[in-house]
Amino acid sequence: MGRYPLIPSYREILPPKEVIRLEIPEGYHPLSSAYLQERPTDLAAHGYVEEEYIIRSYGNIYLWPKEEPRPVIRAENAPFCSRFLLRKPADPNRFSGVAVFEAFNNGGKISHPTGLWPNAYEYLMESGDAWIGVEVQYLGFETLKQYDSERYRDYDLAFPNPVPPQERGPLGWHVLREAAAKRGFRYGLELPDDFEKGFIFDEFFQIAALCRRNLPGDPFEGYDVKKVCIASVFDINAFVAGFHPYERLPGGAPVFDGYIKYMSGSGGELSREADMWWHDDPRSKAPCDVPLMRIETAGDLRGELPHPSWGSLRRREDSDEPGDLVRMYEIAGLSVSRAAPELYDICPGRQCYEKLGLTPPSREDPYKDPLYNFSGKHIMTGAYRNLREWMLYGTSAPRASRVELSGEYPDTQFVLDENGNHVGGIRTPYLEVPAASYDDVGGIVPFSKEKLQKLYGTKENYLRLFYECCDRLCAQRWITGQGAEEMKRQALRVEF
């Protein structure tokens, strides 16, 4: 054993030490509320309520030297304070029994979801699921306290670094920091030394344990939680490889019943000192005894910004073997920048930025026209639906081929068809019945009317083929019926 002790091979996870529900007065909404989005979501109209909770607890900070069989404890039993938002059916009888976690992101300096909620919130609420957005990033804590200092005055919202300053090591290696340096600009998400991002693991596991508890005043008092899962862009690989096998509920059941890793990197960001894993690190391909989906856009497959994470090096075989329930999904033709144009709508509204004295992110979206609206949301919604059915009923998710590549790392190129689009991977009507070509970095080349007419003859024939593809994807369980109908409406706008 090295300098630090290994985490236990079995640890019983309990809820946070202190859980405080903050009352939400009528007409008030906390920062990151669905009601304060650029396009507000009226949760009450869907029969949902939104609640805000503060947790105070203790957690460990971890490292994972490659020579060790599992993570080691860098600092033990240190205090932290965080918050989460809960959206659930107002009527417990409408609750499906599924609760899904997502880490808030601060890409626009204010916390907002980036994985499941912007892509699948309509399906989630139709299904009666509960959604939990968890605060995990430095800017999230800071803007929260600035936005309403009175509301959070008595709570020291922070992930304080428990390692004494004189004992702290340098920041761990991160591919984004390296890529930024090579391109001559500064990585924009640097953290102060006194903030320790590594509390996220114990925070998530403890809140998940809280979901199972049913005591008076608990978030799910009167609700019967059957399954708890994570669908997020954060470091799911580290959750799966480093903690899931060892962290258990009382009685031995897994804390999380399923995972969706959407677009995140190779993993290994266990703490501020921990190195991100190299792209082909075997820990990023770890088996999982509950359903796990790893979803990559085409823009995640090579070393291109904004996600230079070389997802193609993390490929592994799908599996339905006991103890290894894994699907690898690659969405052909989809770039990172195009993955969720809906994100503009669910980001905090301009009034939030104005109150904080911040400049809102640009809402100018060159891809609003349906011809360009090749969104990943339909595949993400379908994947979440399939994860639910896998967890609840044991229905295995469909399998997909990989996007075809040529050459070896780092000289990897996409194999393109006669229309300039990617070959292989999860196929959508935008590639199967194309009206444009799409690359992995957000570029689009719309086809001329002459080319459309050469390919399809008439708009009626184009629509027939497009609709048939939508119906086929729906039958194969890649998209929902609602997603198919939305894409069909978009296709009507293509001009011949």
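If you're wondering where the values come from, they're calculated on a predicted model, not measured in any experiment. Starting from 1, residues in each chain are numbered consecutively following that chain's sequence as written. For this predicted model, a pLDDT threshold of at least 70 governs which residues receive local features, and a threshold of 80 or more governs which side-chain atom pairs are given and counted, while totals over whole chains, interfaces and linings are taken from all residues. As a rule here, side-chain values cover all heavy atoms of the structure and leave hydrogens and water aside.

1. Some points on the pattern of salt bridges
Then, in step 1: Whenever a carboxyl oxygen of Asp or Glu lies within 4 Å of a side-chain nitrogen of Lys or Arg, that contact is scored as a salt bridge. Going through the model one piece at a time under the given rule, you end up with 38 salt bridges.
Then, in step 2: Across the pair Glu-296 and Lys-261 runs a salt bridge, and its minimum N-O distance is 3.3 Å. Here Lys-261 lies in strand β9 (residues 258-262) and Glu-296 lies in strand β10 (residues 292-297), a separation of 35 residues in the sequence.
Then, in step 3: Residue classification places Glu-296 among the buried residues on the basis of a relative accessible area of 2%.
Then, in step 4: Burial classes: relative accessible area under 20% of the type maximum marks a residue as buried, over 50% as exposed, and values in between as partly exposed (1.4 Å probe, protein chains only). Residue Lys-261 is classed as buried on the basis of its relative accessible area, which comes to 0%.
Then, in step 5: A salt bridge links Arg-427 to Glu-432, with the shortest nitrogen-to-oxygen separation between them at 3.0 Å.
Then, in step 6: For Glu-432, a relative accessible area of 40% puts it in the partly exposed group. The helix count covers DSSP runs of H or I at least four residues long, the strand count covers runs of E at least two residues long, and both are numbered beginning at the N terminus.

2. Observations concerning the environment of Ile-20
Then, in step 1: Within the element layout of this structure, Ile-20 appears in strand β2 (residues 18-22).
Then, in step 2: Residue Ile-20 is classed as buried on the basis of its relative accessible area, which comes to 17%.
Then, in step 3: Each C-alpha atom of the pair Ile-20 and Glu-52 lies 8.6 Å from the other, and the pair is 32 residues apart in sequence.
Then, in step 4: Contacts of Ile-20, omitting those with residues within four sequence positions, involve Glu-52, Tyr-53, Ile-54, Arg-56 and Tyr-155. By definition, residues are in contact when any of their heavy atoms lie within 4.5 Å.

3. Quick word on the packing of aromatic side chains
Then, in step 1: Any two of the Phe, Tyr and Trp rings considered here, Trp counted by its six-membered ring, make a pair once their centres fall within 6.5 Å; the pair's planes then place it as stacked at under 30 degrees, edge-to-face at over 60, or tilted in between. Counted according to the given criterion, the structure contains 34 aromatic pairs.
Then, in step 2: Their ring planes at 85 degrees and their centres at 6.2 Å tell us that Tyr-123 and Tyr-384 sit as a pair that is edge-to-face. Taken together, the residues Tyr-123 in helix α1 (residues 117-127) and Tyr-384 in helix α8 (residues 377-393) connect sequence positions 261 residues apart.
Then, in step 3: A residue is classified by how much of its surface remains accessible, and Tyr-123, at 16% relative accessible area, is buried.
Then, in step 4: Pairwise contacts between aromatic rings join Tyr-62, Phe-101, Phe-201, Phe-204, Phe-205, Phe-239, Phe-243, Phe-256 and Tyr-259 into one cluster.
Then, in step 5: We call a charge positioned over a ring when the NZ of a Lys or the CZ of an Arg lies within 6 Å of the ring centre and within 35 degrees of the ring normal. The residue whose ring lies beneath Arg-70 is Tyr-246, and the NZ or CZ to ring-centre distance is 5.8 Å.
Then, in step 6: In this structure, Lys-88 is placed above the aromatic ring of Phe-220, and the distance from its NZ or CZ to the ring centre is 5.8 Å.

4. Considerations on the nonpolar core
Then, in step 1: Counting 147 residues, the largest nonpolar core has Phe-101, Phe-204, Phe-220, Phe-256 and Tyr-259 as the members making the most contacts within it.
Then, in step 2: Dropping the residues within four chain positions of it, Phe-256 is found in contact with Phe-101, Phe-204, Phe-205, Ala-208, Val-228, Cys-229, Ile-230, His-244 and Val-290. By nonpolar core we mean a set of buried residues, namely Ala, Val, Leu, Ile, Met, Phe, Trp, Tyr and Cys, connected to one another through side-chain atoms within 4.5 Å.

5. Comments concerning the side chain of Glu-196
Then, in step 1: Inspection of the secondary structure assignment puts Glu-196 in the loop between α3 (175-182) and α4 (200-212).
Then, in step 2: As a buried residue without a salt bridge, Glu-196 has its nearest oppositely charged side chain in Arg-272, at a separation of 5.2 Å.
Then, in step 3: Within the structure, Glu-196 has its side chain in polar contact with the backbone nitrogen of Gly-198 (distance 2.8 Å).
Then, in step 4: Any N or O atom pair separated by 3.5 Å or less is treated as a polar contact, with the protein-specific requirement of one donor-capable and one acceptor-capable atom, and with residues adjacent in sequence counted only for side-chain atom pairs. Here the side chain of Glu-196 touches Arg-272 through a polar contact of 3.1 Å, landing on its backbone nitrogen.
Then, in step 5: Not counting residues up to four positions away in its chain, the partners in contact with Glu-196 are Ile-61, Phe-159, Pro-160, Asn-161, Pro-162, Ser-271 and Arg-272. Under this rule, positive means Lys or Arg and negative means Asp or Glu; His and the chain ends count for nothing.

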